[in-house]
Amino acid sequence: MGALKPWHIAVLVVVLILLFGAKRLPDAARSLGRSLRIIKAETKSLHDDDRDLAEKADAQSAYQPLPPQQQQFAQPQQQPVAPPVDPVQRVREN
């Protein structure tokens, strides 16, 4: 059960010829071949991109960080903050 026999393939070919016609089958096979070539090229380029990224990551991991510099930054002087003024009081005072 599940094994394809030669007569199964023959019946399948006859059904395909009846459905699509003898003129359209070569065009369909050609289009299928082009699509498979495109898919193969794209998967290969994705695989190559992944490999390039891995190589870049390996190359970057060899870099050593710079030692911290002994610079002291001047602290900005803080200006006193005025207390919040109630707008109602301000109107009453004026």
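Residues numbered from 1 in each chain as written. Predicted model: local features only at pLDDT ≥ 70, side-chain atom pairs only at ≥ 80, totals over all residues. Heavy atoms only, no water.

J.: What is the right way to look at the overall build of the chain in this model?
T.: Per the secondary structure count, the chain includes three helices and zero strands. Reading the chain from its N terminus to its C terminus gives the helix and strand order α-α-α. Counting all 94 residues of the chain, 0% fall into the buried class. Here the chain has roughly 10000 Å² of accessible surface; of this, 61% comes from carbon and sulfur atoms. (Helix = DSSP H or I, 4+ residues; strand = E, 2+ residues; numbered from the N terminus. Buried < 20%, exposed > 50% of the residue type's maximum accessible area, 1.4 Å probe, protein only. Areas by Shrake-Rupley, 256 points an atom, 1.4 Å probe, with all protein chains shown as cover.)

J.: Quick question: what am I supposed to make of a negative patch on the surface here?
T.: A cluster of like negative charges, contributed by D49, D50, D52 and E55, occupies part of the molecular surface. Mapped onto the secondary structure, D49 falls in helix α2 (residues 24-61). (Patch = residues over 30% accessible without salt bridge, like charges linked within 9 Å, V, L, I, M, F, W, Y side chains within 5 Å. Salt bridge = Lys/Arg side-chain N within 4 Å of Asp/Glu carboxyl O. Lys, Arg positive; Asp, Glu negative; His and termini not counted. Charge placed at Lys NZ, Arg CZ, Asp CG, Glu CD.)

J.: Honestly, the pattern of salt bridges in this entry has me stumped. Any pointers?
T.: Close approach of charged atoms allows side chains with opposite charge to pair. Overall, the coordinates contain two salt bridges when judged by the stated rule. Between R30 and D27 there is a salt bridge whose closest N-O contact spans 2.8 Å. Here R30 pairs with D27, and both are found in helix α2, just three residues apart, close to one helical turn. Residue class for R30 comes out partly exposed when judged on its relative accessible area of 43%. In this structure, D48 engages R51 in a salt bridge whose closest nitrogen and oxygen atoms are separated by 3.2 Å. With a gap of three residues between them, D48 and R51 both fall in helix α2, about one helical turn apart.

J.: Explain a nonpolar patch on the surface to me, please; I cannot follow it from the model alone.
T.: On the surface, a cluster of nonpolar side chains totalling about 710 Å² of accessible area is made up of W7, V11, L12, V15, L16, L19 and F20. With respect to the helices and strands, the residue L19 is situated in helix α1 (residues 6-20).

J.: Just to check I follow, could you spell out α1 for this structure?
T.: Given 3.6 residues to a turn, an α-helix orients residues that are three or four positions apart in the same direction. Helix length check: α1 (15 residues) gives 21 Å between terminal C-alpha atoms against 21 Å at 1.5 Å per residue, within 8%. The positive-phi residue at the C-terminal boundary of α1 is G21, with phi of around 90°. (Expected span 1.5 Å × (residues − 1).)

J.: What is the right way to read the confidence of the model for the chain from this model?
T.: When pLDDT drops low, the exact placement of atoms in the prediction is not to be read closely. When pLDDT is averaged across the chain, the result is 79; 80% of the residues are at 70 or more. For the chain, helix α3 (residues 87-93) is the element with the lowest average pLDDT, namely 74, and α1 is the one with the highest, namely 88. (pLDDT = per-residue confidence, 0-100.)

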